Amino acid sequence: MTQSNEAPEKVLATLNKDGSRNWLRPRLSVGFFHTWRRRFAWFLIFIFLLLPHIRIGGEALFLFDIPNRRFTLFGITFLPTDTLLLLFAALAFFLSVFLITAMLGRAWCGWACPQTVYMEFLFRPIERMFEGSSPSQQKRIQSQGLHWRSLAKYFTYIILAMVLAHTFLAYFVGTDALRQWMTQSPFKHPQPFFIMLLVTGAVFFDFAYFREQTCLVVCPYGRFQSVLLDRQSMIVGYDPNRGETRGKVSKRKKEKDVEFGDCIDCGACVTTCPTGIDIRDGLQMECINCTQCIDACDKIMTKLDKPTGLIRYTSQDELEGKKQKFLRPRVVLYPLLILLVITGFIITWNYRSGAKIQLVRQGKSPYRILAGGEVSNQVAVAISNLTKKSHKYKIELYKKDKGIKMIAPVKSITVGPSKIGTLTVFITTPAKLFEKKTPVVQFRVTDGAGLDARPEYKLIGPLPIAGN
Ligand code: SF4
Ligand code: SF4
């Protein structure tokens, strides 16, 4: 007896029974939602291309400078010392995502996620332009290997992937660096050139091959859906009370005694779905709420002269005939938490002075014994200039025990706006001062413009010998 390698039933919409990938070619369904999604998508694409070029007072509006750990959001630059502020901002962002999901379901996935926006309104239309809009026509051309239509499609994809990769990287390196890279030979900046190639390749791979797998396999958001949604959250849902018992027109003619619902089992909602699922099976993790099935079904219902909305924006409770409630515990709790986090951000922001000083121990060993017997501590004074102007910072030793000295090659440093400057100083201490206690010194950092910071620093030296 031969053993079949096929699964007993269909497990995933994108997987054939033999385990190979079921390549999806969703049929385009134009309707009310598609029209508005397309308009919104092009608005988002325009914003995405424009944002890295906008500057406020010479500063980029958005810049995520990862190597220097400087993040500019809405023209405000956060330095590594602004951990608390960034934490509050991240918390506010995630809580807002939770709130939006609790209320509007996966509206983000269907309307605003770059994966959906680019796939459905940029890459897919190009595919339809070159290979035809009918799935069977696309399949025929794609099965012919290197057909000129497929080659033209992939060539356009590469150009688009390059544009998207350059724009994406502009958010991380800024437009000035990007312009420089683009106008110079790649041999002058091999590393950035390699990164650009890598990102272009990743964008091409994603939209030419990986496609819906990004939503189904990679993106964690869909997986959190079950905990972020409640039964009152908005979903795209099929109304089984109205649609069932489903039956094709031919079946209806034959089985006159069956009371059929409005669903004529035409499959239009399935063939249009970019993740290949059947919405009539109920709420599924794969559904990205793209509304394609609403447009497809509405078209059928209009043709049949029946009311639209067999598939519609609804909630699980509404589909079960229960009352729609706007106020639910999580819809109240999330805004309260967001308010709390924003208050924390504002308070922290108000305490943010013109500069932040950090004293960091340096050197291979915690301290060194000098030839004269003194103990030397090497300290890095890191100054984060949180203002929009350059400042010259002067460093001195303000409070110290007798005999302690500060030796510094330079005692002042000029730090640009939203930059960090570091000065290295050496504190020498007579060894006898370590016999009874740990000496503490106080630095003084001034900028001549009102800053007068006095951070303390605990010195390290040999421990007193027991019994002495
Ligand atoms: S089921 Fe409908 S809303 Fe969900 S992904 Fe498929 S087409 Fe989009
Ligand atoms: S498009 Fe509407 S009528 Fe056709 S199968 Fe889907 S739910 Fe039924």
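Residues numbered from 1 in each chain as written. Chains lettered and ligands numbered in written order. Predicted model: local features only at pLDDT ≥ 70, side-chain atom pairs only at ≥ 80, totals over all residues.

Some thoughts on the overall build of the protein
The condition is simple: Secondary structure is summarised from DSSP: a helix means a run of H or I of at least four residues, a strand means a run of E of at least two, and numbering begins at the N terminus for each. Our radius of gyration is a C-alpha quantity, and the globule rule it is checked against amounts to 2.2 Å times the number of residues to the power 0.38. Here contacts are defined at the residue level, using C-beta atoms placed from the backbone and a cut-off of 7 Å between them.
From N to C terminus, the protein includes 16 helices and 17 strands. Compactness check: the protein gives a C-alpha radius of gyration of 32 Å against a globular reference of 23 Å for 468 residues, more than 25% above the reference. Taken along its principal axes, the extent of the C-alpha atoms in the protein is 105 × 60 × 55 Å. Residue pairs at least 24 apart in sequence account for 65% of intrachain contacts in the protein once pairs closer than 6 positions are excluded.

Examining the sheet that holds strand E4 (residues 70-73)
Just so we agree on the cut-off: Pairing between strands is defined by DSSP: at least two bridges between the two strands are required. Between the N-to-C directions of two axes lies an angle of 0 to 180 degrees, each axis being a line fitted to C-alpha atoms and, for a helix, fitted only over the stretch in contact.
On the basis of which strands lie adjacent, the open sheet formed by three strands has the order E3-E4-E5 and antiparallel pairing. Pairing within the sheet leaves two strands with one partner each, and these edge strands are strand E3 (62-65) and strand E5 (76-78). Neighbour-to-neighbour, the strand axes of the sheet open up by a mean angle of 20°, direction not taken into account. Taken together, the four bridges between E3 and E4 define a ladder with antiparallel strand orientation. Bridge assignment links Asp-65 to a residue of E4, and that residue is Arg-70.

Re the packing of helix H6 (residues 148-173) against helix H7 (residues 175-183)
Where we set the bar: Oblique is the label for any angle not covered by the other classes, which are roughly parallel (under 35 degrees), roughly antiparallel (over 145) and roughly perpendicular (65 to 115). Classes in brief: Ala, Val, Leu, Ile, Met, Phe, Trp, Tyr, Cys and Pro nonpolar; Asp, Glu, Lys and Arg charged; the others, Gly included, polar.
Between H6 and H7, the least distance of the axes is 7 Å, while the angle of their chain directions is 130°. Between H6 and H7, the angle falls in the class oblique. Mapping the contact onto sequence places His-166, Leu-169, Ala-170 and Val-173 in H6 and Thr-175, Ala-177 and Leu-178 in H7. Partitioned by chemical class, the residues of the contact of H6 with H7 number five nonpolar, two polar and no charged.

A short note on the site of ligand 2
Rule in force here: Nearness here is judged by the C-beta atom: place it from the backbone, and if it falls within 6 Å of a molecule or strand, the residue counts as near that partner.
Near ligand 2, the surroundings consist of 15 residues, among which Cys-263, Cys-266, Ala-268, Cys-269 and Cys-297 are the closest. When residues of the shell around ligand 2 are traced back to their parent elements, those giving at least two are helix H13 (268-271) and helix H14 (292-303).

Considerations on the site of ligand 1
Lining the immediate surroundings of ligand 1 are 14 residues, of which Cys-273, Ile-279, Cys-287, Cys-290 and Cys-293 lie closest. When the residues that make up the shell around ligand 1 are grouped by side-chain class, the tally is nine nonpolar, five polar and no charged.

Some points on the environment of Glu-435
The residue Glu-435 is located in the loop between strand E14 (420-429) and strand E15 (440-446) in this model. Through-space distance from the C-alpha of Glu-435 to that of Pro-462 is 8.3 Å; in sequence the pair is 27 residues apart.

Re unusual backbone geometry
To keep it simple, the criterion reads: Around each residue's C-beta, the other C-beta atoms within 10 Å are counted; 20 or more make the residue buried, 12 or fewer make it exposed, and counts in between make it partly exposed. All C-beta atoms are placed from the backbone.
Cis geometry marks the peptide bond from Glu-244 to Thr-245, where omega comes out at 0°. The backbone phi angle of Arg-69 is positive, close to 50°, even though this residue is not glycine. As for its position among the elements, Arg-69 is in the loop between E3 and E4. Residue class for Arg-69 comes out partly exposed when judged on the 14 C-beta atoms lying within 10 Å of it. Although it is not a glycine, Asp-305 adopts a positive phi angle of roughly 65°.

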